[in-house]
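Single-letter residue listing:
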Amino acid sequence: MWTADEIAYLCYTHYSTRLPKQGKPEPDREWTLLAAVVKVNSAAEGSCDPSDKSLPGGDASIIPMLEPEDQPCAPVSQSAEVLENKRKCEEIPAHLITKRMRTEPGDLLREIPSDIIMHYSTGKEGSLQIPPDSNNSSPPANGPAAAKGTIPAGAKVVDIYRTGAKCVPGEAGDTQKPGVAYHQVGLLRVKPGRGDQTCSMSCSDKLARWNVLGCQGALLMHFLEKPIYLAAVVTGKCPYSPEAMKRAVIDRKPSFDSGLYLGMLFSMCQHVSRLPRGFQVQELKMFQSNLLFEHSRCAVQAKRANCPGKVVPCGAAIGWSAVPEQPVDVSCNGFKQGATKKSVGSLQARSKVCKAELFNMFQNLVSSISENKRPESLRVKKLETYWEYKESAASYQEAWRTLQKQAFGSWIRNSPDYEQFK
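Because the structure is predicted, anything quoted here is derived from the model rather than measured. (Residues numbered from 1 in each chain as written. Predicted model: local features only at pLDDT ≥ 70, side-chain atom pairs only at ≥ 80, totals over all residues. Heavy atoms only, no water.)

1. Some remarks on the pattern of salt bridges
Quick reminder of the rule: We count a salt bridge whenever a side-chain nitrogen from Lys or Arg sits within 4 Å of a carboxyl oxygen from Asp or Glu. The way it works is that DSSP assigns letters per residue, a run of H or I at least four long becomes a helix, a run of E at least two long becomes a strand, and they are numbered from the N terminus. Each residue's exposure class comes from its accessible area (1.4 Å probe, protein chains only) as a fraction of the maximum for that residue type: buried when under 20%, exposed when over 50%, partly exposed otherwise.
The final tally for this structure, using the stated rule, is ten salt bridges. Its salt-bridge partner being E419, residue K355 comes within 3.0 Å of it at the nearest N-O pair. Note that K355 is positioned in helix α8 (residues 355-367) and E419 in the segment after α10 (394-406), a separation of 64 residues in sequence. Residue K355 is classed as partly exposed on the basis of its relative accessible area, which comes to 37%. What makes E419 buried here is its relative accessible area of 9%. Across the pair E384 and K422 runs a salt bridge, and its minimum N-O distance is 3.2 Å. You can see E384 sitting in the loop between α8 and α9 (386-391) and its partner K422 sitting in the segment after α10, a full 38 residues away along the chain. When its relative accessible area of 66% is taken as the criterion, K422 is described as exposed. Via salt bridges that share partners, E26, R29 and E30 belong to a single interconnected network.

Here is the structure:
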């Protein structure tokens, strides 16, 4: 058995000792997010093995905000209308948008089961938090949430943390009312940004999908009898709510305003039925560590408390995997760091974790297996394109269609034209 703090410490140590300086934030000026997929071996096999990078957010980041004195920094004092006008006037690149953080009080040292664990450092896809009207504050928290320890008994919830992730077309949309009623929870969202709207779903949406379909994707399902599920999610020291996490990843049951017609039927992810053999909704365990990531926005801001200038997000990303060849990939704006405008579109500019490179590795794997020993799904017909190989993973695609029909009907999917490459 492992505690949340032990998993977090393992990930932070791996980050500081095994990853290169290239791609890390500039000291005391830039911040970043850290996530790792960790394989926990049995006592006989050895210890934990961190194996990948990612980041969280979306519906899971819409959590209660307590009284201002409970925050490490004063809430923003501008109205939603003023902030919106300011946003329209500022032309700031998406990678310079900062997100507001606070540390979570309390020691949450807990034990987690052995298996695959997702660890997230501090961070969420969010935007500025706006305090409610003084005449519209919520009553003290004395209900079930307070009893569970998410909100201290008697504490006053004055607002909720905002997420910058926008609702996808077909969803009800946020009410944008003052205070705690600003967001509709449980909706599908795309990652935030000030430029053109992205087609990438928010990270909490992806976690909810992984919790049913597995995190291996369609290609690897050709070689697996059942999906690869995460056993637990460990979140670092940051604004956190176990109820919001469970709602976003397992339940996904939206709240309804009286008189608000959503135009579609929502289902709770935990009640998805008629899935193919091997697929099921997981009771994912969720914990929080009390350890703070050294390059989180909160940590960097604390070091610069009395220094001029703003703290900005790091523009580069480091990907690391436990593989023998080229385990590190440093990218910027979707291309390998250092790529020039002339090299964009070439092999030299590709990130090792882009679809084309991953498909190339998959094809090499298939080619290394004699045809008569390949999985039946790879022998029934001639397959050429990335899209064809994904679609031929029949059980995975059936499970995905079932999940979309029962819970994620508005999920954005790229046109097949984008995946017709060989």
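2. Here's the deal with the packing of helix α4 (residues 203-213) against α10
Selection rule: Think of each axis as a best-fit line through the C-alpha atoms, taken over the contacting stretch in the case of a helix, with angles from 0 to 180 degrees between the N-to-C directions. Should an angle fall under 35 degrees it is called roughly parallel, over 145 degrees roughly antiparallel, and 65 to 115 degrees roughly perpendicular, with every other angle called oblique. Note on convention: near helix rotated counterclockwise from far helix by under a right angle means a left-handed crossing. Clockwise means right-handed. Residue contacts follow a heavy-atom distance rule, with two residues in contact if any of their heavy atoms lie within 4.5 Å. Only Asp, Glu, Lys and Arg are considered charged, only Ala, Val, Leu, Ile, Met, Phe, Trp, Tyr, Cys and Pro nonpolar, and every remaining residue, Gly among them, polar.
Where α4 contacts α10, the axes come no closer than 10 Å and their chain directions differ by 125 degrees. In terms of axis orientation, α4 runs oblique to α10. Here α4 runs over α10; the crossing is right-handed. Counting all contacts with α4, which are made through R209, V212 and L213, the residues of α10 involved are Y396, A399, W400 and L403. Here the contact of α4 with α10 is built from residues that sort into six nonpolar, no polar and one charged.

3. Remarks on unusual backbone geometry
Non-glycine residue D28 carries a positive phi angle of around 60 degrees. Following the sequence through the fold, D28 ends up in the loop between α1 (4-18) and β2 (30-31). In this structure, Q326 is a non-glycine residue whose phi angle is positive, near 45 degrees. For Q326, the location among the structural elements is in the loop between β14 (316-320) and β15 (328-332).

4. What to know about the packing of aromatic side chains
Operational definition: Centres within 6.5 Å are what make two rings of Phe, Tyr or Trp a pair, Trp counting through its six-membered ring; a difference in plane orientation under 30 degrees is then read as stacked, over 60 as edge-to-face, and the rest as tilted. In our convention, an over-ring charge means Lys NZ or Arg CZ found within 6 Å of a ring centre and within 35 degrees of that ring's normal.
Under the counting rule described, the total for this entry stands at twelve aromatic pairs. Judged by centre distance (6.0 Å) and plane angle (70 degrees), the rings of F223 and F362 are edge-to-face. Residue F223 is found in the loop between α5 (217-220) and β11 (232-235), and its partner F362 is found in helix α8; the two are separated by 139 residues along the sequence. On the accessibility criterion, F223 (29% relative accessible area) is partly exposed. Exposure remark for F362: the relative accessible area of 5% places this residue in the buried category. Ring pairs connect the aromatic residues F223, F359, F362, Y386, Y389 and F421, which therefore count as one cluster. The ring of Y15 carries K24 above its face, with NZ or CZ at 4.5 Å from the centroid. The lysine or arginine in question, R209, covers the ring of W400, its NZ or CZ lying 4.0 Å from the ring centre.

5. Some words on the sheet that holds β15
Stated formally: Between any two strands, pairing holds if DSSP finds at least two bridges.
A sheet is described by the order of its strands in space; here three strands give the open sequence β14-β15-β16, paired in antiparallel fashion. Each having just a single partner strand, β14 and β16 (335-336) make up the two edges of the open sheet.

What is shown is where atoms sit, not what they do.
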